[in-house]
Amino acid sequence: MSRKSYSRHIPDFRLVTHYAESRRSLIHRMNPWTKAVLLVFVILFVIIVQDPYLLAILLVATVAFYAAARLPLTLLLGWYTLPVFFVLTLAVLFMFSEPGRQLASFTLLGTRIALTENGILLVVNLLMRALAAVTFSLAFFMTTRYTNIAVIASKSLPKPLDNIFLLSYRFTFETSDEVADVLDAMRSRSGGLVKGVSRQTKMFAGIIGLAFVHAFERAERIAKAMEARGFTGTFPMTEKIPRMSYGDFALIGLVALALAIVAYSRYFNNLIGW
Amino acid sequence: MFWVLVWSGVAAGLVSIALYRQGRGQISTRKLAIASMCVAVGFAAFQIEIPVFGGVHLNLTPLMGILVGPALGSLCVLTINVFSAAIGHGGWSMIGANTLVNMVEVFLGFYAYRFLRRYVKVERFYSGFGAAAIALTVSALVAVAIVSISEIQGSTQTRAQTMANMLVLAIANIVMGLFEGVVTGYIISFLGKVRPDLIGESAPARIEGLEDRKEVAADV
Amino acid sequence: MESDIHHLAGAEREDAIVHVDCVSHRYPDGTEGIHNMCFSVYPKGIVTLCGPNGAGKSTLIEHINGLMMPDKGRIRVFGMDIDKKNVSAIRKLVGLVFQDADSQLFSPTVMDDVMFGPLNLGLSVEEARKRAEWALDVVGMKETNKIPHYLSGGQKRLVAIAGILAMKPQILVVDEPTGDLDPSNAKRIEDILRSLRDEHGISVVIALHDMDMAARLADRVCIVRGGSVIAEGKPEDILYDEKLLQSAGLEMPMVAKLFTDLGLESKGVKRPLSLEQLTPLIKK
């Protein structure tokens, strides 16, 4: 079975779980509910904050949180590829049509296209938002053990969504391996050198189809194994998350206050020189 | 913020309907395992970059609709969107909007495939292609509508300009959707030969719980 | 030598704890899984179901655990006829370890996975943890906080067995327990199955096609062919009947072949079932 990550640009849940289960930093020992609430706050900050300087501070804060958990920064940088790619594909057109001071312009098919200051700012802001959110969410998953995530999911998601979430989180380990193994097997027979769009497409379609067939058959076997061990629809919880401490409440209170100030400035009265 | 809440609310409403159709939270172990595997495979398949046209990643949401039906498929795409947001593909604030778009794909994928296969009697490849192409085209236009209505955060462009930009992106997505339609067609043909029961056709081989299988396929 | 082979399963002994009574099951595609299957399990013994792939062994053992229901016939477990209503009670008594250990391990850590069964039985977290620790100790698995995904094949099999053992079944049913394991892990599994019978009083049913293992482990051997048990008896009778084994697509165990080919069979000489039993006879 494959153990390596398929790509260093795409977060590997096996690696995420490994860091969550095996490390014991201060952030790892933080109450999972506190981290979950902070994740929600980060998302709200990302939605509400418009000012690029504030967004930069938010991004630095989330990276500092990640680093405080003693998680590898080089890994994070590799994993930034996905959100960067996502933002750029969405924002590339907007960059050239945003009104504002022109920095450069060119003609394309008879139409004048200008790169503006606001266009660049828009992309930079979107990037900082995306990177801040993904940094904190990765830090959350990489510092929270699965059993605690299970408790949070079971208390915050309706049935059977919580079970689907938890079981599929587990299954991503196996399917990542399976997909990687099939691709390795294909490459070992020089499959990657197959020429032609049609043959290439057909081959990859076969790989994906096979992955689905294996997945379905495995799912049927796992369902039987679960029933054979008395499963009746609810995953038993083996851990209780302790109540949040005063320190946790204080931290949440501080962040909530900051969020309130930012939100008030944005929507009502500019308190912070927006 | 307002539009995040709106799209999240609409998605939550539709997910509630899907949950209700799944029997008010009660789901057989088999369906649970299959739905979870679908999420995991869909998520893993996204990591595959097909080396054509510079590298293409697939949605596979219409395929998921064909395999597990619209209700269970809706729950699957919501879960995939949560995982994707966690790793930076799509944002947490966009889960509602993304789920809406994906639910359109799952829904149309299922019904278009059934219509083409059962009533128009088109062969599997073309039914798969047609279902995916229709689903992804409509969803691309739905995405245009959603973003045009709620606008890009931080942008000072007019709604009309935003819509024009989104239409350009939509055209690119529709073209990619046609490619994904071809891939889906090949996958459906493959499944039709190896496990026709997974696409709701003919009796399964040695599978316990045929009644569950029929429920999953005809999950209306 | 008087044969103690029953070519169709004979009358049920009174102390049978599982009795499969003329059970038939047809799959939805029309394939007959088992046909008029008659089979029994007795206390504190190891019975092996020997047959090639597709003979119906896996189908039978899934019936014993209640995962499949018969189309015809009935199955009694500790005096209860299995039906949909009492299936959870049956699963407390009959534990099933699947051939594919990967299909059984889906929790984030070894301890969590082994605790899964006891928790489903309604035990408290503390009680479930104690049971899991005991079961892992029985199978000799020490790495309890490891992620199952990263275990070796042998370790996964041990954890799968521990996961069922923690439910304290009275009967353990195992499908191909050593199929893809290296010799040292295979021996470890064999020793564990033997100790379950000897030290813990658990009856063990093993579905396999490895006749050497059947010879070493079994108190009773059943030959399965075409969805039915065609013969059952003591291993020294069944496993030395070459014609019978070949008719079922099986081979004699190496020990039996050597014993027969070397012409060591004679009156008063007990047929060996392991190399340890054969070696002194060769030396003589």
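Residues numbered from 1 in each chain as written. Chains lettered and ligands numbered in written order. Predicted model: local features only at pLDDT ≥ 70, side-chain atom pairs only at ≥ 80, totals over all residues.

What follows concerns the overall build of chain A. Summing up its helical and strand segments, chain A has 11 helices and two strands in all. Start at the N end of chain A and walk to the C end: the helices and strands fall as α-α-α-α-α-α-β-β-α-α-α-α-α. By the burial criterion, 42% of the 274 residues in chain A qualify as buried. Contacts in chain A between residues far apart in sequence, at least 24 positions, make up 76% of those at least 6 positions apart. (Helix = DSSP H or I, 4+ residues; strand = E, 2+ residues; numbered from the N terminus. Buried ≥ 20, exposed ≤ 12 C-beta atoms within 10 Å, placed from the backbone. Contact = placed C-beta atoms within 7 Å.)

All names here are of chain C. One open sheet accounts for six strands, arranged β6-β7-β8-β3-β9-β10; its pairing is mixed. Looking at the sheet topology across the chains shown, the edges are occupied by β6 (94-97) and β10 (228-233). Put simply, the sheet's adjacent strands are angled 20 degrees from each other on average, direction ignored. Sheet topology note: the strand β9 (residues 220-225)/β10 ladder contains five bridges and is antiparallel. By the bridge assignment for β10, arginine 225 is matched with serine 228. (Pairing = 2+ DSSP bridges. Axes fitted to C-alpha atoms, helices over the stretch in contact; angles between N-to-C directions.)

This part covers the environment of arginine 129 of chain A. Residues and elements named next belong to chain A. Assignment of secondary structure puts arginine 129 in helix α7 (residues 117-143). When the 25 C-beta atoms within 10 Å are taken as the criterion, arginine 129 is described as buried. Sequence separation of arginine 129 and alanine 69 is 60 residues, and the distance between their C-alpha atoms is 21 Å. Here arginine 129 is in contact with Val46 and Leu55, once residues within four sequence places are set aside.

A word on helix α6 (residues 183-200) of chain C. All names here are of chain C. A rise of 1.5 Å per residue sets the reference length of α6, with its 18 residues, at 26 Å; its end C-alpha atoms lie 25 Å apart and thus fit the reference within 8%. The set of residues buried in α6 consists of Ile189, Ile192, Leu193 and Leu196. Packed against the buried residues of α6 are β3 (46-50), α4 (125-139), α5 (153-165), β7 (171-175), β8 (203-208) and α7 (211-217). (Expected span 1.5 Å × (residues − 1).)

Below, the discussion takes up unusual backbone geometry. Residue and element names in this part refer to chain C. Even without a glycine there, the phi angle at cysteine 22 is positive, about 50 degrees. With respect to the helices and strands, cysteine 22 occurs in strand β1 (residues 18-26). Its identity as a non-glycine residue notwithstanding, asparagine 36 has a phi of 50 degrees, on the positive side. Among the secondary structure elements, asparagine 36 is positioned in strand β2 (residues 32-41).

With that out of the way, let us pick up the sheet that holds strand β4 (residues 72-77) of chain C. Residues and elements named next belong to chain C. With antiparallel pairing, four strands are arranged side by side in an open sheet as β2-β1-β4-β5. Since the sheet does not close on itself, it has two edges, and those belong to β2 and β5 (80-81), each with one partner. In this structure, β1 lies alongside β4, joined through five bridges in antiparallel fashion. Within β4, the residue paired with histidine 19 across the bridge is arginine 76.

Residue and element names in this part refer to chain C. For chain C, mean pLDDT is 87; residues scoring 70 or higher make up 95% of the total. Mean pLDDT values for the elements of chain C range from 86 in helix α2 (residues 87-93) up to 95 in β3. At the level of chain-chain contacts, confidence expressed as ipTM amounts to 0.80, with global pTM at 0.76. (pLDDT = per-residue confidence, 0-100.)

The next point concerns the pairing of β9 of chain C. All names here are of chain C. In terms of strand pairing, β3 meets β9 through four bridges, oriented parallel. When the bridges of β9 are listed, valine 47 appears paired with arginine 220. If you look at the hairpin formed by β9 and β10, you'll find two residues sitting between the two strands, and glycine 226 has a positive phi there, around 55 degrees.

The next point concerns the packing of α4 of chain C against α5 of chain C. The relative placement of two packed helices is expressed as an angle between their axes plus a distance between the axes. All names here are of chain C. One way to put it is that α4 packs onto α5 with a least axis distance of 8 Å and a crossing angle of 135 degrees. With respect to α5, the element α4 is oriented oblique. Both α4 and α5 take part in a crossing whose hand is right-handed. Every residue of α5 that contacts α4 at Ala135, Leu136, Val138 and Val139 is listed here: Leu158, Ile161, Ala162 and Leu165. Class assignment for the residues of the contact of α4 with α5 results in eight nonpolar, no polar and no charged. (Parallel < 35°, antiparallel > 145°, perpendicular 65-115°, else oblique. Left-handed = near helix turned anticlockwise from the far one by under 90°. Nonpolar A, V, L, I, M, F, W, Y, C, P; charged D, E, K, R; others polar.)

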